[in-house]
Amino acid sequence: MIDTLYHLDPVTGLLDRSSTLLMAEELARRCTPDNPERPPPPRDPTGGRLGPLAVLWIDIDRFKQINDSLGHEIGDGVIATLAQRLRERLGGRGELGRMGADEFVCLAPGVRALQAEALAAELAQAIGQVLELADMVLRPTAGIGIALQQAGDSGIELLQRADLAKTASKRAGGNRVVVEGLGSGSWPDAQLQREELVIEQMLHEALADGGLTLHYQPIVDADGQVRVVEALMRCSNPAAPGPGRFIAVAEKTGLIVRLGEWTLMRGCAFARRMREADMPVKVAVNVSRTQLLDDQFSVALNAALLCTRVDARALELELTESLFMDISPSVQSSLAAARELGVGLAIDDFGTGYSCLANLKDIPATKLKLDRAFVSALPEDQRALAVVGAMTRLGQALGMTVTAEGAETQQQLELLWASGVDQVQGFAIAAPMPEEELLVWLRRRQEAT
Ligand code: C2E
Ligand code: MG
Ligand code: MG
């Protein structure tokens, strides 16, 4: 289909940007979008009616990191390899173009919604094959946006919409496909997608009819005092999965923003309740990346503090470590604003994610929560214990309080205290419990000491 009108990108041998635009126009003219009133036309390889055109915009995740750290020459090599993989996988099913540094477009005639998602999954799989570079092994991922031709769409319009869908995919963290007009999903698996829709529906209902609650888990200081409890969300619908799963669905669908506002408000209200009961204990609330990226986050935080008349110092936000991998200016300013108010910031599940130690010194965090994985390896794994000790000293040297999560046995508790952590949380002390129960638990503990 390529003739002299079209120019190739020298690095990849794919259509260059302007030729991709031309090709999109040409294919959009020759393709026939579905008419809902009429059955779809059969695919005709002789150049007649081709069925609708699908445009897939592919953006390699974190390519900048490869380029910046390994140099442009290696970066170009990576791009050429990925282009080759795409070309091989696509075969004769469409055209490929390079739109910019690490962005590709696939123009696929005669492809409808479900086939387009399946094609995206295939291309993502091809990209994700192991890539060996110098002394590193990468598994590249990509964010993919899909636009599907409707009656009257030009090639350029389709490209613009695929680009928008791609941006949505990147905003949601990449490594996923977004079909225009639909929410984002991870690589399509019909069963999984249905399950997520059911969970999303459950969460909507729970938010509307009071089916959500917070349980609280005490965190103990080395002197035996409890100065903070962690709020953990629970859904009372017995069919609901655990929080790890439903929070992930809420993040994907954006529902986490509303759930998060609710949690901040409830958590602050409980901090106030404890203060009024003469138990001035802080509340730690988990906050996910999507919430922080929302420009209303600071408003929600202030509203929760003001409405409940709680001092900001009685609130702590727990942020997962992966958030700090790529911290945008807006997240940075939300965090700085929270710190300014006096809200504590904890880095949750530390040590198993992506944090770069160099970053750690620039994060305005007040607490480091060591991931449960280190604790559950105790007492057998002496190396895990050494890592706990080293991370504890690192955190403390940076002025942070260090908390170990997930202590389940007395022996683990003892090892943790001996390695110098400031706080411990885990079933060995207490499991998360409802408000009333926690108040009784705290009261009993107060009386015992
Ligand atoms: P997380 O913030 O790391 O919370 C600690 C998790 O470890 C909780 O699981 C807690 O019940 C569990 N845990 C505590 N002690 C032990 C122990 O000794 N052994 C074991 N095996 N587990 C222990 P949960 O409640 O299922 O929550 C899972 C995750 O869901 C949380 O991990 C947090 O990332 C997220 N999450 C929970 N509530 C919220 C929320 O309100 N907002 C957001 N954004 N995320 C939440
Ligand atoms: Mg947490
Ligand atoms: Mg944690």
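From a predicted model like this one, the values you see are computed outputs, not experimental measurements.

Basis of the calculations
- Throughout this document, residue positions are counted from 1 along each chain, in the order its sequence is written.
- Labels follow written order: the first chain is A, the first ligand is 1, and so on.
- Per-residue local features are limited, in this predicted model, to residues with pLDDT of at least 70; the limit for side-chain atom pairs, both in listing and counting, is 80 or more; totals at the level of whole chains, interfaces and linings are taken over all residues.
- The basis for every side-chain value is the complete set of heavy atoms in the structure, and neither hydrogens nor water enter the calculation.
- Donor atoms (N, O, S) are those found within 2.8 Å of the metal centre, with the cutoff raised to 3.2 Å for Na, K and Ca; water is not part of the atom list, so apparent gaps in a site can occur.
- How far each domain reaches was decided by an automatic or database domain assignment.
- Note on definitions: angles span 0 to 180 degrees between N-to-C directions of axes, and those axes are lines fitted to C-alpha atoms, for helices only across the stretch in contact.
- Counting from the N terminus, the helices are DSSP H or I runs at least four residues long and the strands are E runs at least two residues long.
- Orientation is classified from the angle alone, with under 35 degrees giving roughly parallel, over 145 giving roughly antiparallel, 65 to 115 giving roughly perpendicular, and any other angle giving oblique.
- We call a crossing left-handed when the near helix sits turned anticlockwise from the far one by less than a right angle, and right-handed when that turn is clockwise.
- Between two residues, a contact is recorded if the distance between any of their heavy atoms is within 4.5 Å.
- Residue type decides the class: Asp, Glu, Lys and Arg count as charged, Ala, Val, Leu, Ile, Met, Phe, Trp, Tyr, Cys and Pro as nonpolar, and the leftover types, Gly among them, as polar.
- Strand pairing requires that DSSP identify at least two bridges connecting the strands.
- Working definition: residue near molecule or strand if any one of its non-hydrogen atoms lies within 4 Å of it.
- Distance and chemistry together define a polar contact, namely a pair of N or O atoms within 3.5 Å, with one atom able to donate a hydrogen and the other to accept it when in protein, and with adjacent residues in sequence counting only for side-chain atoms on both sides.
- Areas reported here follow the Shrake-Rupley algorithm with a probe of radius 1.4 Å; residue values treat only the protein chains shown as occluding.
- Whenever Lys or Arg places a side-chain nitrogen within 4 Å of a carboxyl oxygen from Asp or Glu, that contact is recorded as a salt bridge.
- When accessible area is computed with a 1.4 Å probe and restricted to protein chains, residues below 20% of their type maximum are described as buried, those above 50% as exposed, and intermediate ones as partly exposed.
- Take the residue count of a helix, subtract one, and multiply by 1.5 Å to get its expected span.
- Read the arc as the range of directions from the helix axis to the C-beta atoms.
- The term nonpolar core refers to a set of buried residues drawn from Ala, Val, Leu, Ile, Met, Phe, Trp, Tyr and Cys, joined through side-chain atoms within 4.5 Å.

Chemist: Explain the coordination of the magnesium ion (ligand 3) here, please?
Modeler: Octahedral six-donor coordination of a metal ideally yields angles of 90 or 180 degrees, compared with 109.5 degrees for tetrahedral four-donor coordination. Distances from the magnesium ion (ligand 3) to its protein donors, namely Asp348 (OD), Asp349 (OD), Glu405 (OE) and Glu405 (OE), fall within the range 2.2 to 2.3 Å. Expressed as a motif, the donor residue spacing for the magnesium ion (ligand 3) is D-D-x55-E. Between the two metals, the magnesium ion (ligand 3) and the magnesium ion (ligand 2), the spacing is 3.8 Å, and Asp348 donates to both.

Chemist: In this structure, what is going on with the domain arrangement of the chain? I would like to understand it.
Modeler: Quite often, the size of an interface is put as the accessible area lost when its parts meet. Along its sequence, the chain is organised into domain 1 (17-185) and domain 2 (200-448). Just the C-alpha atoms count here: the centres of domain 1 and domain 2 sit 39 Å apart.

Chemist: Help me out: how do you make sense of the packing of helix α10 (residues 297-308) against helix α11 (residues 329-341) in this one?
Modeler: Helix-helix packing: each pair is described by the crossing angle between the helix axes and the interaxial distance. As a packed pair, α10 and α11 sit with axes 10 Å apart at the nearest point and diverge in direction by 20°. As judged from the angle between their axes, α10 and α11 are roughly parallel. Of the two elements, α10 crosses α11, and the hand of that crossing is right-handed. Residues Phe297, Ser298, Leu301, Asn302 and Leu305 of α10 form the contact with α11, whose own contacting residues are Ser334, Ala337, Ala338 and Leu341. Taken together, the residues of the contact of α10 with α11 sort by class into six nonpolar, three polar and no charged.

Chemist: Any chance you could explain the sheet that holds strand β11 (residues 282-287) here in plain terms?
Modeler: Backbone hydrogen bonds are what pair the strands of a sheet, in a parallel or an antiparallel way. Taken together, eight strands build a closed barrel; the order of strands is β9-β10-β11-β12-β13-β14-β15-β16 and the barrel is mixed. Sheet topology places strand β13 (residues 344-350) next to strand β14 (residues 367-370); three bridges connect them, and they run parallel. Note on β14: the bridge partner recorded for Phe350 is Leu370. Those strands touched by helix α8 (residues 256-276) are β9 (212-221), β10 (226-235), β11 and β12 (315-320), and its axis lies near 55° from that of β9. Sitting on the sheet, helix α16 (residues 435-448) is in contact with β9 and β10, with an inclination near 20° to β9.

Chemist: Would you mind going over the site of ligand 1 with me for this structure?
Modeler: Around ligand 1 sit 22 residues in total, of which Arg234, Asn286, Asp348, Glu408 and Phe427 are the nearest. Separating a nitrogen atom of ligand 1 from a side-chain N or O atom of Arg372 is a distance of 3.1 Å. Between ligand 1 and the protein, one listed contact pairs a nitrogen atom with a side-chain N or O atom of Glu408 at 2.5 Å. When the free accessible area of ligand 1 is taken as 800 Å², the share hidden by the protein chains comes to 84%. Of all the secondary-structure elements, those providing two or more residues to the shell around ligand 1 are β10, α7 (243-253) and β13.

Chemist: What's the story with the packing of helix α1 (residues 17-30) against helix α5 (residues 155-171) in this structure? I'm lost.
Modeler: Look at α1 against α5: their axes get within 7 Å of each other, and the N-to-C directions meet at 115°. Facing α1, whose interface residues are Leu21, Ala24, Glu25 and Ala28, α5 presents Gly155, Ile156 and Leu159. When grouped by side-chain class, the residues that make up the contact of α1 with α5 number five nonpolar, one polar and one charged.

Chemist: What is the right way to read the pattern of salt bridges from this model?
Modeler: Pairing of side chains with opposite charge becomes possible as their charged atoms draw close. Applying the stated rule across the entire model yields 23 salt bridges. Measuring nitrogen to oxygen at the nearest pair gives 2.9 Å for the salt bridge that ties Glu230 to Lys369. Here Glu230, found in strand β10, pairs with Lys369, found in strand β14; they are 139 residues apart in sequence, far enough to count as distant. In this structure Lys369 comes out as buried when scored by relative accessible area, which is 0%. Sharing partners across several salt bridges, the network here consists of Asp59, Asp61, Glu103, Asp163, Lys166 and Lys170.

Chemist: Sorry, what's going on with α5 here?
Modeler: Turn by turn, an α-helix covers 3.6 residues, leaving residues three or four places apart pointing in a common direction. Compared with an ideal rise of 1.5 Å per residue, which puts 17 residues at 24 Å, α5 spans 24 Å between its outermost C-alpha atoms and is within 8% of the ideal. Residues Gly155, Leu158, Leu159, Ala162, Ala165, Lys166 and Ser169 constitute the buried set of α5. Down the axis of α5, the buried set is contained in an arc of 125°. They therefore lie on one face. Opposite the buried face of α5, by more than 90 degrees, sit the exposed residues Leu164 and Arg171.

Chemist: Can you help me understand the nonpolar core in this one?
Modeler: One broad trend across soluble globular proteins is that nonpolar side chains are buried collectively. Ranked by internal contacts, the top residues of the largest apolar core, which has 80 residues, are Leu264, Met274, Val283, Leu315, Leu317, Leu319 and Leu416. Sort the elements by how many residues they give to this core and α8 lands first, with eight residues. In contact with Leu264, not counting residues within four places along its chain, are Val285, Phe297, Ala300, Leu301, Ala304, Leu315 and Leu317. With 33 residues, the next largest nonpolar core counts Leu56, Ile58, Leu86 and Val179 among its residues.

Chemist: Even after reading the chapter, I still don't get the pairing of β13, so can you show me in this structure?
Modeler: The two faces of a sheet get side chains in turn, since along a regular strand they alternate between them. Most of β13 sits inside the fold, with six of its seven residues counted as buried. The sheet contact formed by β12 and β13 spans five bridges and is parallel. Bridge pairing in β13 places Glu316 opposite Gly344.

Chemist: What's the story with unusual backbone geometry in this structure? I'm lost.
Modeler: The peptide bond linking Leu378 to Pro379 adopts the cis configuration, its omega dihedral lying at 5°. Look at Asn175: it is not a glycine, yet its phi comes out positive at around 50°. Locating Asn175 in the fold gives a position in the loop between α5 and β7 (177-179).

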